[in-house]
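Listed here are the chains, written in short residue letters.
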Amino acid sequence: MGGQDLITQLKDHFGDQIRDVNLEAIDPWIEVIPEGLIGICTFLRDDPQFGFDFLSCLSGVDYFQPDPKKAAKVDWEPHLELVYHLWSIANKTSLVLKVILPRWKDGVVDELPEVPSVAGIWRTADWHEREIYDLFGIRFSGHPDLRRILCPEDWVGYPLRKDYEMPVEYHGIRCR
Amino acid sequence: MSTVEKTQIVEFDVRTDEMLVNMGPQHPSTHGVLRLVLRTDGEIVSEVTPHLGYLHRCAEKIGENLTPRQWSPYTDRMDYLAGMSMNLGWSLCVEKLMNLHVTEKARHLRVIIAEMQRIASHLVGMGVYGLDLGSFSPFLYAFREREKILDLFEEVCGARLTYSYLTVGGATADFPPGWLEKCESFLEQFLPVIDEYHALLTTNAIFIKRCAGIGVISREMAISYGCTGPVLRGSGVDMDLRRDGEEWYTNMYDGYAFEVIVEKDGHYPNDHTYPAVPPEAILGDSWHRFYVRMLEVRQAVDLVHQAIDCYRKAEGSCGDPVKITEKLPKGEAYLETEAPRGQMGFYVVSDGSAIPWRVKARSSCFCNLSVTSDLCRNTLIADIPAIIGSLDIVMGEIDR
């Protein structure tokens, strides 16, 4: 079964929980609302027709243009994106899921946006989600042990956000 | 004060306290700067917590400020034991985004380089694993042969570890005259050496005692944790991206004959030429992971021979690398390749300018290492180097 058929079938099954579909992209993707993520992921893993038992990659992308001149030209509103690259070992097919989140929860700066954790579905998501929490500041509700993984535990800020500024010093070490 | 009636009870009842032991970051068997915090009770480890990040160099943030070709040197500094494979993965990913096809000659050149790199990388994996288990000499034999591969690579691009040789659009240069002959004579000399390695380690009784039946990763566990490469195939999962991956990558191996190294019905492919699996070994244990690597070395020799033949027949140039400031089309692409340590994925998002909006490296060792907490529970302290070593990790790639 081709990628397009899969997506159409998924859309019939989940309806409103799938907000957007892009079949023209190099890797066709579907956008899922955060509330529906767990249901869709469990279905994708357990349904033999899909069989996406392997989470290849989980990445975050920050859509925010700090330069006001360039920001006037972009065609998107500032947001954060989570990209789930799935792979099925049995069917040898791939699928891309996206979840779009606000940069800050309810627009309040420093209130981290939340999304349900998929660590219970694919164990590998445990470390990937910790990495995204560390570098992007997204909180994964239901994660078994959400703490920083690459940066030190007392690090301030989320380095891969586009408006991140390196701290001037860290424990007496000059950073910039 | 209570009195003990039988003094024997006191003698035998030696209590041990629970203790936290810090292993690393400067521990030779953690392969770089990995820190493990072990909760131990005597010799038994009840919990292992890995701490990473000592080698974090913000590679992904740097990638948001450089063009793809400028970032290529950063990729080989991630997995510094398989720089060529990292360059290849990144180049293919950007080419997928740009829909850029390399020439036939460049394709075969890449196979030669990638498979030679696989041999070099597995040699380190094998030698260092012997070192972890307390046997020093295989390490020296492995490095002797690896040195010859590094000499060949040096002749090709001038660097020994951080090559930046394979790049977007092909390779930076063709092979120098006479290089293929040197490569062939190396392979000819190398083939019998593999049997020596099997004699030194694979069939060594002490080696088998140390690693067979230890650190067993079940098939389901390997898949759920996202383990890839020899770790996944050592658990009996039949998956190799060179055969099963995306077309954009498998096209590179189009026309090559090879079998995926995985145990099927109790047999490895071509296993008549190899030492038999010892009865102590359980599928998915440390010994099987090591064995898969050793068989892949032999397989890579075959693939290089095939690639050399194809390369000689192919016409045209070795591809011309794109301009450094070449603009990228708007969009995003994700591609995984079969690097020696597992599936190395790159994700690139472009807003239409020459500099990507976001780059992400999906590290194979990162996922392979995440299995340790589960794997090292209730083992002996002495088995921890045997388990971690069998995962063959490179911290530069994990921390990025």
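Residues numbered from 1 in each chain as written. Chains lettered and ligands numbered in written order. Predicted model: local features only at pLDDT ≥ 70, side-chain atom pairs only at ≥ 80, totals over all residues.

J.: I'd like a description of the interface of chain B and chain A, backed by residues and values.
T.: On the side of chain A, 23 residues touch chain B, which itself brings 30 residues to the contact. Elements supplying a minimum of two residues to the side of chain B that touches chain A: helix 2 (59-63), helix 4 (83-98), helix 9 (219-224), strand 6 (331-339), strand 7 (342-350), strand 8 (358-362) and helix 14 (364-369) of chain B. Looking at which element gives the most residues to the side of chain B that touches chain A, the answer is strand 6 of chain B, with five residues. Grouping the constituent residues of the side of chain B that touches chain A by class yields 13 nonpolar, seven polar and 10 charged. (Contact = placed C-beta atoms within 7 Å. Helix = DSSP H or I, 4+ residues; strand = E, 2+ residues; numbered from the N terminus. Nonpolar A, V, L, I, M, F, W, Y, C, P; charged D, E, K, R; others polar.)

J.: Explain the sheet that holds strand 9 (residues 379-380) of chain B to me, and be specific about the residues and the numbers.
T.: Within the open sheet, the four strands sit side by side as 1-2-3-9 (chain B). Their pairing is antiparallel. Two strands in the sheet have a free side with no partner beyond their single neighbour: strand 1 (18-23) and strand 9 of chain B. (Pairing = 2+ DSSP bridges.)

J.: Describe the pairing of strand 2 (residues 35-41) of chain B, and please don't skip the residues or the numbers.
T.: All names here are of chain B. Examined bridge by bridge, strand 1 and strand 2 share six bridges and lie antiparallel to one another. Bridging from a neighbouring strand, Glu18 pairs with Asp41 of strand 2. The sheet contact formed by strand 2 and strand 3 (residues 44-51) spans seven bridges and is antiparallel. Opposite Arg35, over in strand 3, you have His51 as the bridge partner. Hairpin connection, strand 2 to strand 3: the antiparallel pair is bridged by two residues, and Gly42 has positive phi, about 65°.

J.: Quick rundown of the packing of helix 6 (residues 137-157) of chain B against helix 7 (residues 179-202) of chain B? Include the residues and the values.
T.: Angle between the axes and distance between the axes are the two parameters that describe a pair of packed helices. Residue and element names in this part refer to chain B. Viewed as axis vectors pointing N to C, helix 6 and helix 7 meet at an angle of 165°, and their least axial separation amounts to 11 Å. Between helix 6 and helix 7, the crossing angle belongs to the class labelled roughly antiparallel. Crossing geometry of helix 6 relative to helix 7 is assigned as left-handed. For the pair helix 6 and helix 7, contact is made by Ser137, Pro138, Tyr141, Glu145, Lys148, Leu152, Glu155 and Val156 and by Trp179, Lys182, Cys183, Phe186, Phe190, Val193, Glu196, Tyr197, Leu200 and Leu201, respectively. Classifying every residue of the contact of helix 6 with helix 7 by side-chain character gives 12 nonpolar, one polar and five charged. (Axes fitted to C-alpha atoms, helices over the stretch in contact; angles between N-to-C directions. Parallel < 35°, antiparallel > 145°, perpendicular 65-115°, else oblique. Left-handed = near helix turned anticlockwise from the far one by under 90°.)

J.: Explain the packing of helix 4 of chain B against helix 5 (residues 104-132) of chain B to me, and be specific about the residues and the numbers.
T.: Residues and elements named next belong to chain B. At a closest axis distance of 8 Å, the pairing of helix 4 and helix 5 adopts a crossing angle of 135°. As far as their axial angle goes, helix 5 and helix 4 are oblique. Taking contact as the criterion, the partners of Met84, Ser85 and Leu88 in helix 4 are, on helix 5, Arg110, Ile113, Ala114 and Gln117. The residue makeup of the contact of helix 4 with helix 5, split by class, is four nonpolar, two polar and one charged.

J.: Please give an account of the confidence of the model for chain B that cites residues and values.
T.: The predicted model of chain B averages 87 in pLDDT, with 95% of residues at 70 or higher. This prediction of the complex comes with two scores: 0.88 for pTM and 0.88 for ipTM. (pLDDT = per-residue confidence, 0-100.)

J.: Explain the environment of Ile30 of chain A to me, and be specific about the residues and the numbers.
T.: Residue and element names in this part refer to chain A. Among the structural elements, Ile30 can be located in strand 2 (residues 29-32). Among the residues examined, Ile30 registers 21 C-beta atoms within 10 Å and is labelled buried. On a C-alpha basis, the gap between Ile30 and Cys41 in space is 12 Å, while along the polypeptide they are 11 residues apart. (Buried ≥ 20, exposed ≤ 12 C-beta atoms within 10 Å, placed from the backbone.)

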